[in-house]
Every structure is written in C-alpha cells, then in structure tokens.
Amino acid sequence: MSKLASALAALLVLSAPVVAQAAIDAKLAPDSVTLTDNGRTVLVYRTRTNDPAEPGRLNYVHPLYAPDGTLLTEDRPADHLHQRGLFWSWHQVRLGDEVVADGWFMKGLTFFVRGTKFQGQPDGSGVLTVDVDWIVTSKPELVYVARESTKVTVRPATPAGQRIEFDTTITARAPGLSLGGSDDVKGYGGFSMRLVQPDRLSFASRGEAVTPAVEALPAGPAMGFAWPVANAYPAWAVGLACKAQGQPITRWILRRELSMQNCVFPGRAPYAIPIDRPLRLESTVVIQPRESAAR
C-alpha cells in the first residue's frame, strides 16, 4: 500500500505529456457534456437535472471511466440517494446567520448552467468550462447567491494512467454568503467522490496506509484509493488531491462502507465568501493501472 500511495502522489504532480494533436474532445447534449479521449468516453458532466422532483441534481460528474472503460463512479445509490459521482457540495449554505439551503441533500438550492465552452489544447488535453448560477429556492422569492465557474481539464491517457483537474471559482452575488460542512463532529463537505464498491477500498497517504474513522482525520495532501486484487474489482487505483485558496487540504473523510470519500473543506465552521473575494477550489483526480501503482 505504501508503494501505491507513493506512485499515486507522484502522478498527481506530473506534468501533462506532450501530444502531437488534440486527443480530448467534447460532445454536447441538452442535459450534459461528454468528454472523450480519442473517441473513448472519459466522463460526463451533468448540466441539467433529469428529475423534476430533484431540481438540484446537476452540476456534477457521472459517469467517470477508467482508460479501459471500467465504470468508477456511482450516481444515486440506494444507500445514499443524494450521493452523485464526483460532486462538490455543502450542507450549510448560509446568508448571514441563517442556513438557507443544503446543497448536499439538494434542498433549497438549484443551479442554472449559463453556458458551457470547450477548448482543445496544443498538448492534446481539453478544457471544459461550465458557468453556473446558484439559486436559493427556500425563500418566498428566488435568491441569486453565487456564480460558479468550473474548468475541467482532461489530460490524454498514457500507459501511466489519466489525469483530470477541476478548478472551481465561487463568487458571491449576495452579501453574507458562507459555506460549511455538516453541522456535527464529522464536518464533511467540499469535493467528494462516490466510487464503485466503496466498502472494499483501501487508503494510503504519504506512503502509509490510512485507517478510516467516523470523524475527519489528518493525512497528507494526496490520498490513494485502491480495490482488492481480484477480477471482481476494478484493475485501477484512484488518487485525489485538493486545494482551497491555493493551500493543500489535508483533512479527509474516508469510508470503507457504502458511502463517499471527501477532502474536507471548510469543515463544520462556515467559510465566509465576501463579494470581493471569491473562493477557489482545485481538485485533481488520477486514475492509474493497479499493476503500475503497486510497483
């Protein structure tokens, strides 16, 4: 497990490979954008809900695939219907001292995707930009509270794996906006992953195995996730590293059970987002062959 963590951490800081021509492309649909690598689907970004009863079920990624086509994420699992692929959300969406929405459970908050743009890059990667308005629906009138701009950069797959970078800026459009994790000792919230077969995962950071706990635990700035070596499980390992305002996040919610994995920001105590100081969140996901990660 220590070798796995070291390999994943190294891949998280590698520069993108030089590619002769654009490999990453995009397919736009009314409810989603699909990013492909030489025709193979890498991920689908959900830009519209498919369920009128859940107007907040959009602005997330599912499915996410490994380079061999293995599905790596779950959406709306029976045990936690609100969990959804790769998603970033908070239980506490506050205006002043009042919690006006719960983005984690998709209550009182919805999103309006103002636009999507895709650009291929000279190195073969591709960048999807999604501009989103946050709308609070719990008040007698709709309240426009924030504008989000998320850039998703997909690097072409190589024998070492595939790298995906998320760069999200949240700009307050209403005074007094703050975001907080669950209002309990767990404090979970921020960038999260619902991986397949999460009850079979192992975890490692800084070259050492990490044991999950109920509460957030300290670890390194990158975390490795791996399934057992058996045909019933993905032959891949996943690495995750997150930053907030340019600083690495080193607190983690880890679950070896039917649940999600989370790099914790900001925790239980809300983080204020003044109108003149946007919040920038960066998350990097790497998908690496299990055999390579183990060496």
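How each quantity is defined
The numbers attached to residues start from 1 for each chain and follow its sequence in the written order. Where totals are concerned, whole chains, interfaces and linings use all residues; where local detail is concerned, this predicted model gives features only for residues with pLDDT of at least 70, and gives and counts side-chain atom pairs only at 80 or more. In computing side-chain values, all of the structure's heavy atoms are included and hydrogens and water are not. Runs of H or I in DSSP of at least four residues are treated as helices and runs of E of at least two as strands, each being numbered from the N terminus. For the exposure calls, accessible area comes from a 1.4 Å probe over protein chains only, and a residue counts as buried if that area is under 20% of its type's maximum, exposed if over 50%, partly exposed in between. Contact criterion: two residues are considered in contact whenever any of their non-hydrogen atoms come within 4.5 Å of each other. Each accessible area value is a Shrake-Rupley result obtained with a 1.4 Å probe; residue values ignore everything except the protein chains displayed when judging cover. Charge assignment: positive for Lys and Arg, negative for Asp and Glu; neither His nor the chain ends contribute. The atoms used to mark charge sites are NZ of Lys, CZ of Arg, CG of Asp and CD of Glu. Strand pairing is assigned whenever DSSP detects at least two bridges linking the two strands. Only buried Ala, Val, Leu, Ile, Met, Phe, Trp, Tyr and Cys residues count toward a nonpolar core, and they belong to the same one when joined by side-chain atoms within 4.5 Å. In this analysis, rings of Phe, Tyr and Trp, with Trp reduced to its six-membered ring, are considered paired at centre separations within 6.5 Å, and the interplanar angle assigns stacked below 30 degrees, edge-to-face beyond 60, and tilted for intermediate values. By convention in these notes, a salt bridge is any Lys or Arg side-chain nitrogen within 4 Å of a carboxyl oxygen on Asp or Glu. Think of a polar contact as two N or O atoms within 3.5 Å of one another; within protein, one of them needs to be a possible hydrogen donor and the other a possible acceptor, and neighboring residues in sequence only count if both atoms come from side chains.

### A closer look at the overall build of the protein
Here is step 1: A count of helical and extended segments in the protein gives 2 helices and 23 strands.
Here is step 2: For the protein, the C-alpha atoms occupy an extent of roughly 55 × 40 × 35 Å along the three principal directions.
Here is step 3: Sorting the 295 residues of the protein into buried and exposed places 54% on the buried side.
Here is step 4: Sequence-distant contacts, at least 24 apart, represent 63% of the contacts inside the protein between residues at least 6 apart.
Here is step 5: Carbon and sulfur atoms make up 52% of the accessible area of the protein, which totals about 12500 Å².
Here is step 6: Separation of charge centres in the protein, based on 31 positive and 28 negative side chains, amounts to 3 Å.

### Let's talk about the pairing of strand 5 (residues 86–89)
Here is step 1: Of the two faces of strand 5, the one lined by Leu86 and Trp88 and the one lined by Phe87 and Ser89 are each fully buried.
Here is step 2: Examined bridge by bridge, strand 5 and strand 13 (residues 190–193) share 4 bridges and lie antiparallel to one another. From the neighbouring strand, phenylalanine 87 faces strand 13, where its bridge partner is serine 192.

### What about the pairing of strand 9 (residues 126–136)?
Here is step 1: Among the 11 residues of strand 9, 10 are classified as buried, and the element is accordingly described as predominantly covered.
Here is step 2: When strand 8 (residues 109–120) meets strand 9, the two strands line up antiparallel, connected through 11 bridges. Residue glycine 120 lies in a different strand from strand 9, and its bridge partner there is glycine 126.
Here is step 3: Connecting strand 8 to the next strand, strand 9, in antiparallel fashion are 5 residues, including glycine 124 with a positive phi near 95°.
Here is step 4: Note that strand 9 and strand 10 (residues 143–154) share 11 bridges and pair antiparallel. For valine 130, the partnering residue across the bridge sits in strand 10 and is threonine 150.

### Overview of the nonpolar core
Most often, soluble globular proteins have nonpolar side chains that are buried together.
Here is step 1: Membership of the largest hydrophobic core comes to 66 residues, with the highest contact counts inside it found for Trp134, Phe191 and Phe225.
Here is step 2: Counting residues in each nonpolar core, the second largest holds 7 residues, with Trp104, Tyr188, Met260 and Val264 among its members.

### Side note on the packing of aromatic side chains
Here is step 1: Here the structure, examined in full by the defined rule, presents 10 aromatic pairs.
Here is step 2: When the ring of tryptophan 88 is compared with that of phenylalanine 191, the centres are 5.9 Å apart and the planes differ by 5°; the resulting orientation is stacked. Taken together, the residues tryptophan 88 in strand 5 and phenylalanine 191 in strand 13 connect sequence positions 103 residues apart. Of the two residues, tryptophan 88 and phenylalanine 191, neither departs from the other in class, the shared state being buried.
Here is step 3: An aromatic cluster is present here, built from Tyr45, Trp88, Phe166 and Phe191 joined pairwise through their rings.

### Focus: the pattern of salt bridges
If the charged atoms of two oppositely charged side chains come close together, the side chains can form a pair.
Here is step 1: The final tally for this structure, using the stated rule, is 15 salt bridges.
Here is step 2: Between aspartate 167 and arginine 280 there is a salt bridge; the shortest N-O distance is 2.6 Å. With aspartate 167 in strand 11 (residues 162–172) and arginine 280 in strand 23 (residues 279–289), this pair connects stretches of sequence that are 113 residues apart.
Here is step 3: Taking the relative accessible area as the measure of exposure, arginine 280 reaches 36% and is therefore partly exposed.
Here is step 4: Connected through salt bridges with shared partners, the residues Glu54, Arg57, Asp75 and Arg76 form a single ionic network.

### Concerning the sheet that holds strand 12 (residues 177–180)
Here is step 1: Taking strand neighbours across the sheet as the criterion, the 4 strands line up as 7-6-12-22 in an open arrangement whose pairing is antiparallel. The two strands at the open ends of the sheet, each matched to only one other strand, are strand 7 (98–101) and strand 22 (271–272).

### Description of unusual backbone geometry
Backbone phi values are negative for most residues with the exception of glycine, while trans is the configuration of most peptide bonds.
Here is step 1: With omega at 0°, the peptide bond leading from histidine 62 into proline 63 counts as cis.
Here is step 2: Here proline 63 shows up in strand 4 (residues 60–64).
Here is step 3: The linkage connecting phenylalanine 265 with the following residue, proline 266, adopts the cis geometry, with an omega of -5°.
Here is step 4: Structurally, proline 266 can be placed in the loop between strand 21 (261–263) and strand 22.

### Concerning the side chain of glutamate 54
Here is step 1: Relative to the elements of secondary structure, glutamate 54 occurs in the loop between strand 3 (40–46) and strand 4.
Here is step 2: A residue is classified by how much of its surface remains accessible, and glutamate 54, at 16% relative accessible area, is buried.
Here is step 3: Within the local environment of glutamate 54, its side chain forms a polar contact with the side chain of arginine 57, the two groups lying 2.8 Å apart.
Here is step 4: Ignoring anything within four residues of it in the chain, the contact list for glutamate 54 reads Thr49, Arg76 and Met106.

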